[in-house]
Structure formats: C-alpha cells, structure tokens
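# Remarks on the overall topology
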Amino acid sequence: MTVDDLLTTPSPTDLGPANLRRVWGNFATGVAVITAHDGTAPLGFTCQSVVSVSLDPPLMSFCPARSSTSWPRIRAVGTFCVNILADDQLGPARQFARSGADKFAGLEWTMSPIGAPALTGTLAGVDARLTAEHDAGDHTIVVAEITGITADHERAPLVFFRGGFSTIGV
C-alpha cells in the first residue's frame, strides 16, 4: 500500500479490509506493548487499540488479533502491563510486532508490581488484571481492571497513523 492509496477517497459502499484499513488509518492512535511474565519467560506484543473504558471502576481495553500467538500465553497469566511507548521507542514497537523473535533482546526492563515486564523509557505504564474477553470478528476485545499506573509527563508519544509510525511534539 502506498501513501497515494491511503489518501484516495474510499468508496462508501466498499467495506472490504483494504478500504476499512484506509479509512481507519486516518485515526491516529498511541502505540503500546502488552507484556506479562509466565514464570519462565517474558511475553509481549505491540498493540495500538488500547483505550480507557471507565474511571470508576478503573477499566481499560485493547484488542489483540485472534491470530496472535502471544495473547493466549498472556491471557493464561491473567495480569499484564500496558507499556505506552514514547516517541523514541520505534525500535521496541517494531521488535514486539514480530512473531517468533526474542522480543526482549537488547531491551531494558524491570518487573512491575504485578510481576509483568515494565519497559524502561516508556511514556506510561498501566498494570492490569484481565476481567473479560469478547469475540469480535478477527480480534478479541479484552477488558481489564487497572491495578497500578505510572507516567512520565515530560515525554511525547509514539503514534500510528496511515499505516506507519510517527511522532508529535509536546
């Protein structure tokens, strides 16, 4: 897909995957890495569908692909950290998006209070406990209770827009 493809006005009646991706590509999102530790190894994957659901009680959501091999292993742990990436963390965003690789190779991290890897240098970290899952086509909607939060209010975010990573100033 080229930039010209992304800028082309889609047909309002063509709801095919390419057209939907083109339209949704206009919605800039933050980039996060969902991590857990199963007692043997750290686990993680890149995710851009992270949202706040409720302030009272504190709930959040994200949507892993049903084809994800990492999410079933994280689900089994039941707790995880949502690492919200900063503008200089393009490398980790790409690294955690790959299948089969050692996703933590060369990265610094510490264990969060819930026992999940907290990546060093992130914009924010959200510890959470799985509370519900809902089937949603080719993805799963995950709802989780927030159990802890950290943030660096001086950093800028890494964003995903029109099929690529970008940054915005603060």
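For the structure itself, look to the data block above.
Conventions and cut-offs
Residues numbered from 1 in each chain as written. Predicted model: local features only at pLDDT ≥ 70, side-chain atom pairs only at ≥ 80, totals over all residues. Heavy atoms only, no water. Phe/Tyr/Trp six-rings, centres within 6.5 Å; stacked < 30°, edge-to-face > 60°. Helix = DSSP H or I, 4+ residues; strand = E, 2+ residues; numbered from the N terminus. Buried < 20%, exposed > 50% of the residue type's maximum accessible area, 1.4 Å probe, protein only. Salt bridge = Lys/Arg side-chain N within 4 Å of Asp/Glu carboxyl O. Pairing = 2+ DSSP bridges. Axes fitted to C-alpha atoms, helices over the stretch in contact; angles between N-to-C directions.

Moving on, we get to the packing of aromatic side chains. Under the criterion given, the structure shown has six aromatic pairs. Consider the rings of phenylalanine 45 and phenylalanine 62, whose centres lie 6.2 Å apart with planes at 55°: the pair is tilted. Taken together, the positions of phenylalanine 45 in strand 3 (residues 42–47) and phenylalanine 62 in strand 5 (residues 58–62) put the pair 17 residues apart, joining distant regions of the chain. Since its relative accessible area comes to 8%, phenylalanine 45 is described here as buried. Look at phenylalanine 62 and you get buried, because its relative accessible area is 0%. Aromatic pair phenylalanine 62 and phenylalanine 80: ring centres 5.3 Å apart, planes at 90°, arrangement edge-to-face. Taken together, the residues span a long stretch of sequence, with phenylalanine 62 in strand 5 and phenylalanine 80 in strand 6 (residues 79–84) at a distance of 18 residues. Three or more aromatic residues joined by ring pairs make a cluster, and in this case those are Phe45, Phe62, Trp71 and Phe80.

Enumeration over the complete set of coordinates arrives at five salt bridges. One salt bridge in this structure joins arginine 75 and glutamate 133, with 2.7 Å as the shortest N-O distance. Of this pair, arginine 75 sits in helix 3 (residues 70–77) while glutamate 133 sits in strand 9 (residues 124–136), and the two are 58 residues apart along the sequence. Salt-bridge contacts for arginine 129 lead to glutamate 145; the nearest nitrogen and oxygen are separated by 3.0 Å. Highlighted residues: arginine 129 in strand 9 and glutamate 145 in strand 10 (residues 139–151), separated in sequence by 16 residues. Owing to a relative accessible area of 39%, arginine 129 belongs among the partly exposed residues under this scheme.

Our focus in this paragraph is the sheet that holds strand 9. Across the sheet, seven strands lie side by side as 3-2-6-9-10-5-4; this open sheet has antiparallel pairing. The open sheet has two free edges, formed respectively by strand 3 and strand 4 (51–55), since each of these has just one partner strand. Taking each pair of neighbouring strands and ignoring which way they run, the sheet shows an average axis angle of 35°. As judged from the six bridges shared by strand 2 (residues 32–37) and strand 3, these two strands associate in the antiparallel manner.

Here we come to the sheet that holds strand 12 (residues 164–167). The strand order across the open sheet built from three strands is 1-11-12, with neighbouring strands paired in antiparallel fashion. At either end of the open sheet lies a strand with only one pairing partner, and these are strand 1 (29–30) and strand 12. Taken together, the two bridges between strand 1 and strand 11 (residues 158–161) define a ladder with antiparallel strand orientation. In the sheet register, threonine 29 faces strand 11, and the bridge partner there is phenylalanine 160.

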